[in-house]
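# Structural characterization, general
Each chain, letter by letter, is given below.
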Amino acid sequence: MAASTDPQQDPLAGATDLYVFGYALLMMELTRRLQTNTETVNATQAPVNQFCQYTSPPTPEMKDVVRPNVDTLYTQAWIDLAVEPMVLAVPVMDERYWLMQLMDAWSNTSEDSPSSLTPLIAPVTDSAQGIEVYTYALTGPGWEGEIPEGLKQIAFPTDTVWLIGRTELHNLGTDEVQTVVGYQDQMRLMPLSAWTDSGTWTPPNGHYDPNVPTTPPSELITRLSGTEFFDELSALLERTPLDPPDDATSALLADFGVHPYDESRLPDAATLDAAKDAGLDAISTYQGAPYINGWKFAKTNIGAYGTDYLQRANIAMFGLGANLPQDALYPSTFNTSTDADGAPIAYTLTFPAGQLPPVDAFWSLTAYDASSFLVENSENIYAIGHFAPPVADPETGATTLYVQAEEPADSGMAAANWLPIPTSGNFSVTLRLYAPQSDDILADWPPALTPVPAQD
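Our subject in this report is the structure included herewith. (Residues numbered from 1 in each chain as written. Predicted model: local features only at pLDDT ≥ 70, side-chain atom pairs only at ≥ 80, totals over all residues. Heavy atoms only, no water.)

## Describing the overall build of the protein chain
The helix and strand inventory of the protein chain stands at nine helices and 20 strands. Reported as C-alpha extents along the three principal axes, the dimensions of the protein chain are approximately 65 × 65 × 45 Å. Burial status across the protein chain gives 54% buried among its 456 residues. A separation threshold of at least 6 residues defines the contact pool for the protein chain, and within that pool the share at least 24 residues apart is 72%. Of the roughly 19,500 Å² of accessible surface on the protein chain, 49% is carried by carbon and sulfur atoms. Averaging the coordinates of the 16 positive side-chain charges in the protein chain and doing the same for the 59 negative ones gives two points 3 Å apart. (Helix = DSSP H or I, 4+ residues; strand = E, 2+ residues; numbered from the N terminus. Buried < 20%, exposed > 50% of the residue type's maximum accessible area, 1.4 Å probe, protein only. Contact = heavy atoms within 4.5 Å. Areas by Shrake-Rupley, 256 points an atom, 1.4 Å probe, with all protein chains shown as cover. Lys, Arg positive; Asp, Glu negative; His and termini not counted. Charge placed at Lys NZ, Arg CZ, Asp CG, Glu CD.)

## Topic: the sheet that holds strand S2 (residues 72-80)
With respect to topology, four strands assemble into an open sheet ordered S1-S2-S8-S4, the strand pairing being antiparallel. Strands at the two margins of the open sheet, each flanked by one partner only, are strand S1 (52-53) and strand S4 (98-104). Taken together, the nine bridges between S2 and strand S8 (residues 160-168) define a ladder with antiparallel strand orientation. For Thr 72, the partnering residue across the bridge sits in S8 and is Glu 168. (Pairing = 2+ DSSP bridges.)

## Points about the environment of Pro 213
Inspection of the secondary structure assignment puts Pro 213 in the loop between helix H3 (192-197) and helix H4 (217-223). Look at Pro 213 and you get partly exposed, because its relative accessible area is 36%. When the C-alpha atoms of Pro 213 and Leu 34 are compared, they prove to be 7.2 Å apart, with 179 residues separating the residues in sequence. Contact partners of Pro 213, with chain neighbours within four places excluded, come to Leu 34 and Leu 220.

## Remarks on the pairing of strand S19 (residues 426-436)
Within S19, ten of the eleven residues are buried, which leaves it mostly tucked inside the rest of the structure. Where strand S12 (residues 328-329) lies against S19, two bridges are found, and the strand directions are antiparallel. Bridging from a neighbouring strand, Leu 329 pairs with Leu 433 of S19. Both strand S13 (residues 332-336) and S19 contribute to a ladder of five bridges, which runs antiparallel. Counterpart to Asn 335 in the pairing with S19 is Phe 427. Pairing between strand S15 (residues 359-368) and S19: eight bridges, direction antiparallel. Note on S19: the bridge partner recorded for Phe 362 is Tyr 434.

## Let's talk about the pattern of salt bridges
Tallying each qualifying case throughout the model produces eight salt bridges. The shortest N-O distance in the salt bridge between Arg 96 and Glu 176 comes to 2.7 Å. With Arg 96 in the loop between strand S3 (86-91) and S4 and Glu 176 in helix H2 (residues 174-185), this residue pair connects regions lying 80 residues apart in the sequence. Both residues of the pair, Arg 96 and Glu 176, belong to the buried class. Between Arg 223 and Glu 219 there is a salt bridge, with its nearest N and O atoms 3.6 Å apart. Residue Arg 223 and its partner Glu 219 are both found in helix H4; the two are separated by four residues, about one turn of the helix. By sharing partners, the salt bridges in this structure join Glu 29, Arg 32, Arg 33, Glu 232 and Arg 239 into a single network. (Salt bridge = Lys/Arg side-chain N within 4 Å of Asp/Glu carboxyl O.)

## Digging into the side chain of Thr 348
Here Thr 348 is to be found in strand S14 (residues 347-351). Setting aside residues no more than four positions away along its own chain, Thr 348 makes contact with Thr 400, Leu 401, Tyr 402, Ala 448, Leu 449, Thr 450 and Val 452.

## Structural notes on the packing of aromatic side chains
The full count for this structure, using the stated rule, is 15 aromatic pairs. Both rings, one in Tyr 19 and one in Tyr 23, keep their centres 6.2 Å apart while their planes meet at 50°; by these two values the pair is tilted. Here the residue Tyr 19 and the residue Tyr 23 both occupy positions in helix H1 (residues 11-36), the gap between them amounting to four residues, near one helical turn. Tyr 23 carries the same exposure label as Tyr 19, and that label is buried. Taking the centre distance of 6.2 Å and the plane angle of 80° together, the rings of Tyr 97 and Phe 362 count as edge-to-face. Note that Tyr 97 is positioned in the loop between S3 and S4 and Phe 362 in strand S15, a separation of 265 residues in sequence. (Phe/Tyr/Trp six-rings, centres within 6.5 Å; stacked < 30°, edge-to-face > 60°.)

## Looking at empty space enclosed by the protein
A full pass over the atoms with the stated rule returns three cavities of 30 Å³ or more. Along the wall of the largest cavity there are 30 residues; nearest its centre are Arg 67, Phe 318, Gly 319, Ala 322 and Tyr 330. Elements with a contribution of two residues or more to the lining of the largest cavity: S2, S8, helix H8 (309-319), S13 and S19. In terms of residue count, H8 provides more of the lining of the largest cavity than any other element does, five residues in total. (1 Å grid on protein atoms, 1.4 Å probe; cavity = no way out; pocket = protein on both sides within 12 Å on 5 of 7 lines; lining within 4 Å. Points joined across faces, edges and corners; volume = space filled by probe spheres on them.)

## Describing H1
Every α-helix winds through 3.6 residues per turn, so residues three or four apart in the chain are directed the same way. With 26 residues, H1 extends 36 Å from end C-alpha to end C-alpha; this agrees with the ideal 38 Å at 1.5 Å per step. Taking the largest bend as the criterion, H1 deviates by roughly 40°, centred on Gly 22. Within H1, 22 of the 26 residues are buried, which leaves the element mostly enclosed by the surrounding structure. (Expected span 1.5 Å × (residues − 1). Bend = angle between axes of the 7 residues up to and from the residue.)

## Overview of the packing of helix H7 (residues 269-284) against H8
Close contact between H7 and H8 brings their axes to 8 Å; oriented N to C, the two are set at 85°. Here H7 lies roughly perpendicular to H8, going by the angle between them. Listed contacts from H8 to Leu 280, Ala 282, Ile 283 and Ser 284 of H7 are Leu 310, Ala 313, Asn 314, Met 317 and Phe 318. Looking at the contact of H7 with H8 residue by residue, the class counts come to seven nonpolar, two polar and no charged. (Axes fitted to C-alpha atoms, helices over the stretch in contact; angles between N-to-C directions. Parallel < 35°, antiparallel > 145°, perpendicular 65-115°, else oblique. Nonpolar A, V, L, I, M, F, W, Y, C, P; charged D, E, K, R; others polar.)

## What to know about the nonpolar core
Ranked by size, the top nonpolar core spans 47 residues in total, and within it Leu 18, Tyr 23, Phe 230, Leu 237 and Val 258 carry the most contacts. Secondary structure elements with two or more residues in this core: H1, S2, S8, H4, helix H5 (226-237), helix H6 (247-255), H7 and H8. Looking at which element gives the most residues to this core, the answer is H1, with twelve residues. (Core = buried A, V, L, I, M, F, W, Y, C linked by side-chain atoms within 4.5 Å.)

Structure, rendered in structure tokens:
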């Protein structure tokens, strides 16, 4: 991003820089508005400071979050720390992986996001439920006070925090899903004052605004004109400190009249529209992460972006809510399911013996359509690798996965080794490595997703 741009000399370049800078913040806000626009908790929404528990795995119909995983049940909450800290309590579970990812308003993930492998604190007894829980006090910028014993403080630079919890499913059976739902029911989120007083809290009803669009945020942000985008950005900056603090960007925001807001300094509408177009092009074509055998693989600088605003915006566009590398890695590859003549293309992904994804938790392979949502298919197979171990070649030990629209000829391997893709158009595939063993990842890994030659 430019350290300083004179609005009179090059307004388009400066406005484009600021569009890229503000993109993740606005994506977060549009997502927050959609997901909290309700009076009471429902299947995909919850008022501020309340859990929305996803009690079944995601499906292709789920459009509120791009690139969801299907290996866990999500726990979600949009948290407001402006009034006082909030307490998050997570029950001690059986032998299963869980992660409570916590992001600030800029989509930066806290390094203190707790998990079953790194709970950060010893469990205590939740007297209201009579169970053992891990307890965390989430505090906003400028908060001063004492944290009661038994709580781990996690401090944030913004009052807005997005919690995305993931609790592992061992399979998709009804009993297993209900076991995880039972753990979700034992999670707690309440103001610190309520936790220290009685340990109970009845949350107030939320608010519903019929004017809030139901359009997926990833689509809605592209519909905003340049002027609308910068109006939104200016309003958000009134209550959102920069993370990280950045003197050069602060100066650029002031030069362009974005923050502090000064209408007389803003470029004209045509320039802002052009900046939007240039910004979206820069974000969508960003190639910051290296490609390894066709996989875009960011091993570092993901989840917490510093001043790499283009990387931050690119992740917000294609996978808002990315974890830190120590918690998860997401190599992804982008392909087409048909050739120039419209004929379907089938792919294979072969892991040589001993080169399956190295993890301390689990791994999976998921396909997405051109809009980054799950691929609808008759078998309802959205991911492979986790629930059922793929079948390896008994002679070589290599494991081949079939990434194609039609079921493989060897139907006995379909459930474990077949990942359906769209019958036409573009698609992408993401490998998820939860709790990756990063030191064991080879420099030329993962292997390529390889087109299968057409049969005569």
